[in-house]
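Spelled out, the chains give:
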Amino acid sequence: MGLKHDDGWNIPTDYPFYPSLPAIYRNVKFQYVFFHADPTAIQELLPEPLQSTEDGLCVAAGVDVPFYTNYGQFQESFVVMRCRFRNQAGFFCSHVFHNGPAGIAAGREIYGTPKIYAELKVRQEERSILTETFLSGAPVLQIDFSMTETARKDAMPPLTPAWRLKVIPKADGPGPALKQLIDCSETTQDLKVHFMAKGRGRVVFGQSSLCDLSSLTPLDYGDAFYLECSYSEEYAKIAYDYLAQELSESQA
């Protein structure tokens with residue numbers, strides 16, 4: 001029996017590039033650095049109808065994943081920025097740098113995670129952790145974190161709602177075949193926090209011909225956190241469907 005008309009997860013159907021959800025993470029290490037950037041620069045990275053907030057709050061993070069059921073071991077770095085969707089404040093993820101090809105496809109196709117294939121180096125020396133990100137050899141993001149004290153498991157402010165932009169292009173011409181604002185706030189399930197620490201952090205954005213986030217250069221810094229945890233990853237929610245809204249407005 002071939003693929004049913006209303007069924008399908010990934011192609012090729014007899015050997016999908018990545019398996020279906022849920023996905024299991026174990027002993028993942030995160031470093032988060034909170035900082036403030038120019039709200040005007042943030043707005044340039046936001047899709048409509050999102051709007052930047054006056055405080056320009058952003059977070060840069062490094063991730064070391066030693067075990068993941070759906071595409072193995074990998075490292076990441078990413079940037080999120082506080083913004084507003086309608087009357088709700090949340091965070092939009094503009095760039096994710098990732099060193100595994102299956103993870104890039106899964107992130108983009110399922111959630112709209114803006115993953116970019118990159119070289120990542122994660123090093124820990126004593127209580128300091130350094131995550132370095134390179135595109136074609138050029139440094140584009142460096143996250144430096146040093147632990148100063150242990151912290152409660154709920155010490156870090158939540159980065160939710162967690163919005164991402166999912167775009168699938170048309171095959172028969174320019175433009176999107178699918179365009180949705182995805183809310184990933186509830187994708188993380190069965191969270192077990194093994195360790196949390198607070199500290200100091202610094203972020204350096206490099207300039208590259210492939211990616212230049214230097215407009216987000218920190219104006220000042222907030223708190224920084226280190227987190228070790230295990231969890232599973234489930235489905236997200238559609239917060240806004242651009243094409244459905246466009247169709248609705250055209251028929252009004």
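Presented here is an overview of the structure given in this document. Since the structure is predicted, the reported quantities are computational estimates derived from the model, not experimental observations. (Residues numbered from 1 in each chain as written. Predicted model: local features only at pLDDT ≥ 70, side-chain atom pairs only at ≥ 80, totals over all residues. Heavy atoms only, no water.)

## Section: the pattern of salt bridges
So, point 1. All told, the structure shown has 6 salt bridges when counted by the stated rule.
So, point 2. Linking Glu 132 and Arg 123 is a salt bridge whose minimum nitrogen-to-oxygen distance equals 2.7 Å.
So, point 3. Residue Glu 132 is classed as buried on the basis of its relative accessible area, which comes to 15%.
So, point 4. The residue Arg 152 makes a salt bridge to Asp 154 at a minimum N-O spacing of 3.0 Å.
So, point 5. We classify Arg 152 as exposed; its relative accessible area is 58%.
So, point 6. With a relative accessible area of 54%, Asp 154 lands in the exposed category. (Salt bridge = Lys/Arg side-chain N within 4 Å of Asp/Glu carboxyl O. Buried < 20%, exposed > 50% of the residue type's maximum accessible area, 1.4 Å probe, protein only.)

## Quick notes on helix α2 (residues 101–111)
So, point 1. With 8 of 11 residues buried, α2 is to be regarded as a mostly interior element.
So, point 2. Contacts from the buried residues of α2 go to β6 (88–98), β7 (115–117), β11 (162–169), β12 (176–183) and β14 (220–233). (Helix = DSSP H or I, 4+ residues; strand = E, 2+ residues; numbered from the N terminus. Contact = heavy atoms within 4.5 Å.)

## Examining the nonpolar core
So, point 1. Counting 37 residues, the largest nonpolar core has Tyr 25, Phe 30, Tyr 32, Phe 34 and Leu 159 as the members making the most contacts within it.
So, point 2. Within the residue set of this core, elements represented by two or more residues are β1 (23–36), β3 (57–65), β5 (74–85), β6, α2, β13 (188–205) and β14.
So, point 3. Ranked by residues supplied to this core, first place goes to β1 with 6 residues.
So, point 4. Beyond its immediate sequence surroundings of up to four residues, Leu 159 is in contact with Tyr 32, Phe 34, Val 59, Val 80 and Phe 91.
So, point 5. By size, the runner-up hydrophobic cluster in this structure holds 36 residues, among which are Val 33, Leu 46, Cys 83 and Phe 205. (Core = buried A, V, L, I, M, F, W, Y, C linked by side-chain atoms within 4.5 Å.)

## Some details on the side chain of His 98
So, point 1. With respect to the helices, strands and loops of the structure, His 98 is situated in strand β6.
So, point 2. In terms of polar contacts, His 98 uses its side chain to reach the side chain of Glu 76, at 2.8 Å.
So, point 3. Those residues within four positions of His 98 in sequence are excluded, and the remaining contacts are Tyr 71, Phe 74, Gln 75, Glu 76, Gly 103, Ile 104, Lys 115, Ile 116, Tyr 117, Ala 118 and Leu 120. (Polar contact = N/O pair within 3.5 Å; in protein donor to acceptor, adjacent residues only side chain to side chain.)

## Focus on the packing of aromatic side chains
Aromatic rings in a pair are described by how distant their centres are and how their planes are angled relative to each other.
So, point 1. In the structure shown here, the tally under the stated rule is 17 aromatic pairs.
So, point 2. Ring geometry for Tyr 68 against Phe 74: centres 5.9 Å apart, planes inclined by 80 degrees, an arrangement best described as edge-to-face. Grouping residues by exposure puts Tyr 68 and Phe 74 together as buried.
So, point 3. An aromatic cluster of at least three residues, connected via ring pairs, comprises Tyr 25, Phe 30, Tyr 32, Tyr 68, Tyr 71, Phe 74 and Tyr 231.
So, point 4. The ring of Phe 74 has Lys 115 sitting right over it, with the charged end atom 5.7 Å from the ring centre.
So, point 5. A cation over an aromatic ring shows up here: Lys 179 above the ring of Tyr 242, its NZ or CZ 4.7 Å from the ring centre. (Phe/Tyr/Trp six-rings, centres within 6.5 Å; stacked < 30°, edge-to-face > 60°. Lys NZ or Arg CZ within 6 Å of the ring centre and 35° of its normal.)

## A closer look at the layout of surface pockets
Empty pockets left among the atoms are what a rolling probe the size of a water molecule brings to light.
So, point 1. Put simply, the largest pocket is a space of about 1,100 Å³.
So, point 2. Considering the residues around the largest pocket, the lining is formed by 46 residues, among which Phe 30, Tyr 32, Phe 78, Arg 164 and Thr 188 are closest to the centre.
So, point 3. Within the residue set of the lining of the largest pocket, elements represented by two or more residues are β1, β3, β5, β6, α2, β11, β13 and β14.
So, point 4. Among the residues making up the lining of the largest pocket, the classes are represented as 33 nonpolar, 7 polar and 6 charged.
So, point 5. One number sums up the size of the second largest pocket: a volume of about 230 Å³.
So, point 6. For the lining of the second largest pocket, the secondary structure elements donating two or more residues are β6 and β11.
So, point 7. Ranked by residue count, the leading element in the lining of the second largest pocket is β11, at 5 residues.
So, point 8. Looking at side-chain class alone, the lining of the second largest pocket contains 9 nonpolar, 3 polar and 2 charged residues. (1 Å grid on protein atoms, 1.4 Å probe; cavity = no way out; pocket = protein on both sides within 12 Å on 5 of 7 lines; lining within 4 Å. Points joined across faces, edges and corners; volume = space filled by probe spheres on them. Nonpolar A, V, L, I, M, F, W, Y, C, P; charged D, E, K, R; others polar.)

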